[in-house]
Amino acid sequence: MLYLKNIPDIKDKVFAVLLGTPLGLASVVGSIIAGVELLIMLEVQDIFVPAIFSESVWGYVDTALLTLTVAPVLYFLVFRKMQASMHRTQMLLDSAMDGIISMDHAGKVIGWNPQAEHIFGYSYEQTIGRELSDLIVPLNLREAHRNGLARFVKTNIPTIIGKRVEITGLHANGSEFPVELTIASLNQNGALFFTDHARDISEKKKNEDNLIAARDEADRANQAKSLFLSSMSHELRTPLNAILGFGQLLELESDSITSSQHESVTHILSAGHHLLGLVNQMLDLTRIDIDKWDINTTPLNIEDLVSNCVAEVATAIENKGNVTIENTITDTGLWVQGDNQSLRQVVINLLSNAVNYNEQNGLVTISSVLEKEGRLRIEVRDTGAGIASDKLPLLFTPFERIDQRHGTISGVGIGLHISKRLIEMMQGTIGVESVEGNGSTFWFDLPLAVETNEPTIAPRECKKPILHKYSHFVVLYIEDNATNVKLVERALHGFPGIELLVADTAEEGITIAEEKCPDLILMDIQLPGIDGITATTLLKGIAATKHIPVVALSADAMKEDIDRALNAGCSGYLTKPIDLQALYEMIASMRLSE
Ligand code: MN
């Protein structure tokens, strides 16, 4: 009736003695009566139950204790433990959050807990003894299910057994839904049976689908915004090319215009440059938003970089309020890890803001503080009106202008947002402290770096154009916009030896290039018919024209546009609005190298 079997984790001698049936039983009895610990498994009527025994009592138990009177006690005690254990198991099954289903080797249901009733809509009574696949497997998958089961029973090679899989389940009402399933196979005395843990994941799936849809939607919106901003940038650059280009021409002719006309030109150019700055900021924002901003961090000398930025801001911005910039960073041994271009942009942004938002005759102080954990903090302090604490969080949000009353302050409120993104891309943090009425301090910190010998900033040279007057130099300008053509015509007019040829389509331009063999081709990119990129590729494939340098001249200013043109064989890329100085310098260098 009662025997011992399958004893895990027991010392050898115990194991040996217990296997000898009467002796073992005697010990068992003693241990049960003492009520102390040693876990063995008892098999009672084909069911395993855990029973607890102690080795320490072992030696004191007389085998004689096993008598007919003790046997029923033993049985009773084990039976009680078994009952309690089964009860616990039942409670576990009943309260499980998963549907727990057992089936035999033939696929017939032998266990079905309340959660399984809930998930699949069948009661316990409706399922016991029926084939599981008929109940919960959709019709089109039943064959595969049966075959899989039969194969496993035969070969014992698991395919989905022991794994967590997502399958389609069938509800009693005929609806199908996603189920997460784990199947365990158990072998009890050679009889194979299976336990399935099933979980309805409709809700989870729906949430996942919603998340994916939301992400896709956000991606689409982001792409649309980027496309909008870059085409806006293109559209704005085209008229700016005329404003700044003809403005520059007038400025170059300042000898022949009156001083008040010259003043007007200066205003046109200053406003034009301002507008160009805004367009560039928009483009920056786009590039950052679509992760197309290259960050290349190197050790940067802070004293060097900051003094350059201070000089640039001092000459570049209008400074109506007569604000003084005080640079207190004199330590030449401070190096941070950052991206040169990005960091310069941030420092210039903070300094420009500090000047623009300052009071009349105000002061801007830029200083550095060595922080713990190997970081350097740069602070830009102004003596302006300060910012209310509830407005501070808005500062780094794009398109938020803090003080709308001061209509004269320039900017569309994306400069700080760009600065924040750039600083974060360089593993830094940025912030602001401000007291209303008592100025603001914008700061950022970056990891310190080890000094290098490389100069941080290439010295900027400003060369006067040297146009050789004597050699003949033919420029072919392929451009469909008449105003742009007029501008370049005017810009090159009066330089002896320079001849300008014009084509308003790429097709015509290629024909002219083959016939006249110009020294330089200026190529607009967006053209009717063949575009400038394709035209460049074609020119590079024609023996007569392949040596002619092609320089792109385009209102497309995204890095990819530039890369595309260079890859197609362009030897340079000038963005509109054309910087006449840059155009002159380029032509001059080509004529020199002839
Ligand atoms: Mn065009």
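Predicted model, so just to flag it, every value in this text is computed and none were measured.

J.: I would appreciate a short explanation of the overall build of the chain in the present structure.
T.: Secondary structure summary: the chain contains 17 helices and 20 strands in total. Counting all 594 residues of the chain, 41% fall into the buried class. Within the chain, residue pairs in contact and separated by at least 24 positions form 64% of the contacts whose partners lie at least 6 positions apart.

J.: Hey, could you run me through the sheet that holds strand S17 (residues 498-503) in this one?
T.: Within a beta sheet, neighbouring strands are joined by backbone hydrogen bonds and run either parallel or antiparallel to one another. Spatial ordering of the open sheet is given by S17-S16-S18-S19-S20, a layout of 5 strands whose pairing is parallel. Pairing within the sheet leaves two strands with one partner each, and these edge strands are S17 and strand S20 (572-575). On average, adjacent strands in this sheet sit at an angle of 20° to one another, irrespective of strand direction. Across 3 bridges, the pairing between strand S18 (residues 520-523) and strand S19 (residues 550-554) is parallel.

J.: What exactly am I supposed to notice about the coordination of the manganese ion here?
T.: Reference values for coordination geometry: four tetrahedral donors around a metal ideally subtend 109.5 degrees, six octahedral donors ideally subtend 90 or 180 degrees. Surrounding the manganese ion are the protein donor atoms Asp-480 (OD), Asp-524 (OD) and Gln-526 (O), at 2.1 to 2.3 Å. One chain supplies every donor for the manganese ion, spaced along it as D-x43-D-x1-Q. With a gap of 46 residues between them, Asp-480 in the loop between strand S16 (473-478) and helix H13 (482-492) and Gln-526 in the loop between S18 and helix H15 (532-540) connect regions that are remote in the sequence. Taking relative accessible area as the criterion, Gln-526 reaches 43% and is therefore assigned partly exposed.

J.: I keep staring at the environment of Ser-175 and nothing clicks. Help me out?
T.: As for its position among the elements, Ser-175 is in the loop between strand S6 (164-170) and strand S7 (176-188). Along the backbone, Ser-175 and Pro-138 are 37 residues apart, and their C-alpha atoms lie at a distance of 9.1 Å. Apart from residues lying up to four places away in sequence, Ser-175 is in contact with Gly-169 and Leu-170.

J.: Explain the pattern of salt bridges to me, please; I cannot follow it from the model alone.
T.: Side chains that differ in sign of charge can pair as their charged atoms come close. What the rule picks out here adds up to 18 salt bridges. For the salt bridge of Glu-203 with Lys-206, the shortest nitrogen-to-oxygen distance reads 3.9 Å. Linking Glu-203 with Lys-206, this pair stays in helix H8 (residues 202-252), spanning 3 residues, or about one helical turn. Overall, Lys-206 belongs to the partly exposed group, its relative accessible area being 46%. A cluster of three or more residues bridged by salt bridges with shared partners is formed by Glu-371, Arg-377, Glu-379 and Glu-433.

J.: What am I meant to see in the packing of H8 against helix H9 (residues 259-289) here?
T.: Pairs of packed helices are described in terms of their axes, by the angle between the two and the distance that separates them. Put simply, H8 and H9 touch, their axes get as near as 9 Å, and they point 160° apart. In terms of axis orientation, H8 runs roughly antiparallel to H9. Crossing hand, H8 versus H9: left-handed. Broken down by class, the residue content of the contact of H8 with H9 amounts to 15 nonpolar, 11 polar and 4 charged.

J.: Hey, could you run me through the pairing of strand S13 (residues 375-382) in this one?
T.: Looking down a regular strand, the side chains alternate between one sheet face and the other. Of all 8 residues that make up S13, 7 are buried, and the element is covered over most of its length. Pairing geometry for strand S12 (residues 363-371) and S13, over 8 bridges, is antiparallel. Its bridge partner being in S13, Val-364 is matched across the sheet by Asp-382. The pairing of S13 with strand S15 (residues 440-447) spans 7 bridges and is antiparallel. The residue bridging Glu-379 from the neighbouring strand is Trp-443, located in S15.

J.: I'm lost on the packing of aromatic side chains in this one. Help?
T.: Per the counting criterion, the structure on display carries 5 aromatic pairs. When the centroid spacing of 5.8 Å and the interplanar angle of 45° are considered together, the rings of Phe-120 and Phe-177 count as tilted. Taken together, the positions of Phe-120 in helix H4 (residues 114-120) and Phe-177 in strand S7 put the pair 57 residues apart, joining distant regions of the chain. Each residue in the set Trp-112, Phe-120 and Phe-177 is aromatic and connected to the rest through ring pairs, giving one cluster.

J.: Which parts of the structure should I look at to understand the packing of helix H10 (residues 302-316) against helix H11 (residues 340-356)?
T.: Where H10 contacts H11, the two axes come as close as 9 Å, and the packing angle between them is 50°. When the interaxial angle is binned, H10 and H11 end up oblique. For the pair H10 and H11, the sense of crossing is right-handed. Packed against H10, whose contacting residues are Ile-302, Leu-305, Asn-308, Cys-309, Val-310, Glu-312 and Val-313, the element H11 presents Asn-340, Leu-343, Arg-344, Val-347, Ile-348, Leu-351, Ser-352 and Val-355 at the interface. Along the lines of polarity and charge, the residues of the contact of H10 with H11 split into 10 nonpolar, 3 polar and 2 charged.

J.: Got a minute to help me understand unusual backbone geometry in this structure?
T.: Note on backbone geometry: most residues besides glycine have negative phi, and most peptide bonds are trans. With an omega of 0°, the peptide bond between Lys-576 and Pro-577 qualifies as cis. Relative to the helices and strands, Pro-577 is located in the loop between S20 and helix H17 (580-592).

J.: Is there a simple way to explain helix H7 (residues 139-155) in this structure?
T.: An α-helical turn contains 3.6 residues, so a residue and the one three or four places further along point in the same direction. Counted at 1.5 Å a residue, the expected span for H7 with its 17 residues is 24 Å, and the 25 Å between its end C-alpha atoms agrees. Residues Arg-142, Gly-148, Leu-149 and Phe-152 constitute the buried set of H7. Viewed end-on, H7 has its buried residues packed into an arc of 135°, placing them on one side of the element. Those residues of H7 that are exposed and aimed more than 90 degrees away from the buried face are Asn-140, Glu-143, Ala-144 and Lys-154. The positive-phi residue at the C-terminal boundary of H7 is Asn-156, with phi of around 65°.

J.: Is there a simple way to think about the nonpolar core in this case?
T.: The nonpolar side chains of a soluble globular protein tend to be buried, and buried together. Ile-302, Leu-343, Leu-351, Ile-366 and Phe-444 are the most contacted members of the largest nonpolar core, which totals 44 residues. When residues of this core are traced back to their parent elements, those giving at least two are H9, H10, H11, S12, S13, helix H12 (415-425), strand S14 (429-434) and S15. The dominant element in this core, judged by the number of residues it contributes, is H11, at 8 residues.

J.: What exactly am I supposed to notice about the side chain of Asp-561 here?
T.: Positionally, Asp-561 belongs in helix H16 (residues 559-568). Buried Asp-561, no salt bridge; nearest opposite-charge side chain is Arg-564, N-O distance 4.3 Å. Once you skip the residues sitting within four places of it in the chain, Asp-561 turns out to touch Asp-556 and Tyr-573.

J.: Explain the pairing of S16 to me, please; I cannot follow it from the model alone.
T.: Taken across its 6 residues, S16 has 6 buried, putting it largely inside the fold. Alternating residues of S16 divide into Phe-473, Val-475 and Tyr-477 and Val-474, Leu-476 and Ile-478, and every residue in both groups is buried. Two strands pair when backbone bridges link them, and S16 and S17 are joined in this way by 6 bridges, in the parallel orientation. Note on S17: the bridge partner recorded for Ile-478 is Ala-503. The sheet contact formed by S16 and S18 spans 4 bridges and is parallel. Bridge pairing in S18 links Tyr-477 to Leu-522.

Rules behind the numbers
Within each chain, residues carry numbers counting from 1 in the order of the written sequence. pLDDT decides what is reported in this predicted model: residues at 70 or higher carry local features, side-chain atom pairs at 80 or more are listed and counted, and totals for whole chains, interfaces and linings draw on all residues regardless. By convention in this description, side-chain values take in all heavy atoms of the structure and omit both hydrogens and water. What counts as a helix is a DSSP run of H or I of at least four residues, what counts as a strand is a run of E of at least two, and both are numbered from the N terminus. The rule is simple: take the accessible area with a 1.4 Å probe, protein chains only, and divide by the maximum for that residue type; under 20% is buried, over 50% is exposed, in between is partly exposed. Contacts are assigned to residue pairs with any non-hydrogen atoms lying within 4.5 Å of each other. A pair of strands is treated as paired once DSSP finds two or more bridges between them. Interaxial angles span 0 to 180 degrees and are taken between N-to-C directions of axes, which are lines fitted to C-alpha atoms, for helices over the stretch in contact. Nitrogen, oxygen and sulfur within 2.8 Å of a metal are treated as its donors, or within 3.2 Å for sodium, potassium and calcium (Na, K, Ca); water is not counted, so a site can appear incomplete. The working definition used for a salt bridge is a side-chain nitrogen of Lys or Arg within 4 Å of a carboxyl oxygen of Asp or Glu. What sets the label is the angle itself: under 35 degrees gives roughly parallel, over 145 gives roughly antiparallel, 65 to 115 gives roughly perpendicular, and the rest give oblique. Handedness of each helix crossing follows the sense of rotation of the near helix against the far helix: counterclockwise by less than a right angle gives left-handed, clockwise gives right-handed. Note on residue categories: nonpolar means Ala, Val, Leu, Ile, Met, Phe, Trp, Tyr, Cys or Pro, charged means Asp, Glu, Lys or Arg, and polar means any other residue, Gly included. Side-chain rings of Phe, Tyr and Trp (the six-membered ring for Trp) are treated as a pair once their centres are within 6.5 Å; stacked means planes under 30 degrees apart, edge-to-face means over 60, and tilted covers the remaining angles. Working rule for helices: expected span equals 1.5 Å times residues minus one. Picture the helix axis, draw a direction to every C-beta atom, and the arc is the one those directions span. For our purposes a nonpolar core is just a set of buried Ala, Val, Leu, Ile, Met, Phe, Trp, Tyr and Cys residues, chained together by side-chain atoms within 4.5 Å. For the purpose of charge, His is not counted, nor are the chain termini; Lys and Arg are scored as positive and Asp and Glu as negative.

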